[in-house]
Amino acid sequence: SRCQPRELWTIYHSQLNESERDRETAKTDTVNLLNISKASIRLVDVVDSRLASPLSKVAQMMGGKDEAVLTSLLPVVASLISTESKLELIKATGFYAYPIIFTGIVGESGTAKSPLQKLVLKPLWSIQDAIEREYQRRLQEWEEMESTKPPKPTPLDLWTADVTSERIAEIMSNQVEQNQGLLI
């Protein structure tokens, strides 16, 4: 069926008005984002001072910001919480959420993004090394058993840089019994 000129004109004006609204929304969103970039969070206001103070001092010495430390710290902490944990968001409705946090740091080159992330990740890497040594010990004991063997020990991974769906599925299937999260 062919459109009549009047129908075409109506569709054209409708699209033009929608485009104007989209432009205004994009303009407002851009202004809001620029204003957010001027905002600041003091680490000591949201994290226990025994942890916040030294992290904040090191961040300042590196030329970084508390926001970058917090953005790195939150997913690390959330990944260490049991996968059975839930956050009660609205008690009256029974609305819960899991402590899954997605973050990213965006900043100019030279603003200490990577060094600050390494600072926050270093303790996690140390814990992972100790867990790996214990796993290797249990695996060796298991391999040396000659009689009926219990189930083979499974590794426990606190973090991974291998983000293929296959690898994540493998890691998570090994961690079901421990109810352990994973930092990716």
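This section reports on the structure supplied with the text. From a predicted model like this one, the values you see are computed outputs, not experimental measurements.

Procedures and definitions
Residues numbered from 1 in each chain as written. Predicted model: local features only at pLDDT ≥ 70, side-chain atom pairs only at ≥ 80, totals over all residues. Heavy atoms only, no water. Pairing = 2+ DSSP bridges. Helix = DSSP H or I, 4+ residues; strand = E, 2+ residues; numbered from the N terminus. Expected span 1.5 Å × (residues − 1). Buried < 20%, exposed > 50% of the residue type's maximum accessible area, 1.4 Å probe, protein only. Arc of directions from axis to C-beta. Contact = heavy atoms within 4.5 Å. Polar contact = N/O pair within 3.5 Å; in protein donor to acceptor, adjacent residues only side chain to side chain. Phe/Tyr/Trp six-rings, centres within 6.5 Å; stacked < 30°, edge-to-face > 60°. Lys NZ or Arg CZ within 6 Å of the ring centre and 35° of its normal. 1 Å grid on protein atoms, 1.4 Å probe; cavity = no way out; pocket = protein on both sides within 12 Å on 5 of 7 lines; lining within 4 Å. Points joined across faces, edges and corners; volume = space filled by probe spheres on them. Nonpolar A, V, L, I, M, F, W, Y, C, P; charged D, E, K, R; others polar.

## Things to note about the pairing of strand β1 (residues 87–90)
For β1 and strand β2 (residues 95–97), the ladder comprises three bridges, and the chain directions are antiparallel. From the neighbouring strand, Ile90 faces β2, where its bridge partner is Phe95. In this antiparallel pair of consecutive strands, β1 and β2, the connection spans four residues, and Gly94 shows a positive phi of 70 degrees.

## Points about helix α3 (residues 49–62)
The first and last C-alpha atoms of α3 sit 19 Å apart over 14 residues, in line with the 20 Å expected at 1.5 Å per residue. When α3 is considered as a whole, its buried residues turn out to be Ala52, Leu55, Ser56 and Ala59. For α3, the angular spread of buried residues about the axis comes to 105 degrees, placing them on one side. α3 presents Arg50, Lys57 and Met61 as exposed residues on the side facing more than 90 degrees away from its buried surface. Lining the buried residues of α3 we find α2 (43–46), α4 (66–80) and α5 (113–144). At the N-terminal end of α3, a side-chain oxygen is found 2.8 Å from the backbone nitrogen of Arg50, two or three residues along, and the residue is Asp48. With its phi angle positive at about 85 degrees, Gly63 sits one or two positions after the end of α3.

## Section: the packing of aromatic side chains
The final tally for this structure, using the stated rule, is one aromatic pair. Each ring, one from Trp125 and one from Trp159, has its centre 6.1 Å from the other, and the planes form 50 degrees; the classification is tilted. You can see Trp125 sitting in helix α5 and its partner Trp159 sitting in the loop between α5 and α6 (165–174), a full 34 residues away along the chain. A cation over a ring is seen here: Lys86 above Tyr96, with NZ or CZ 5.8 Å from the ring centre. Looking at Lys149, its charged tip hangs above the ring of Trp142, at a distance of 4.2 Å from the centre.

## Concerning the environment of Asp48
One can find Asp48 in the loop between α2 and α3. Taking relative accessible area as the criterion, Asp48 reaches 41% and is therefore assigned partly exposed. Residues Asp48 and Tyr135 lie 87 residues apart in sequence; the distance between their C-alpha atoms is 32 Å.

## Focus on the layout of surface pockets
Here the largest pocket is characterised by a volume of approximately 720 Å³. Lining the largest pocket are 31 residues; nearest its centre among them are Pro75, Ile101, Leu182, Leu183 and Ile184. Elements with a contribution of two residues or more to the lining of the largest pocket: α4, α5 and α6. Here the lining of the largest pocket takes six residues from α4, the largest share from any one element. A per-class count over the lining of the largest pocket returns 18 nonpolar, twelve polar and one charged. Its volume calculated, the second largest pocket comes out at about 610 Å³. Surrounding the second largest pocket, 21 residues form its lining, Lys65, Glu67, Ala68, Ile105 and Val106 being those nearest its centre. Listing elements by their share of the lining of the second largest pocket, those giving two or more residues are α1 (5–36) and α4. In terms of residues, the lining of the second largest pocket owes the most to one element, α4, which gives four residues. Of the residues belonging to the lining of the second largest pocket, the class tally is seven nonpolar, eight polar and six charged.

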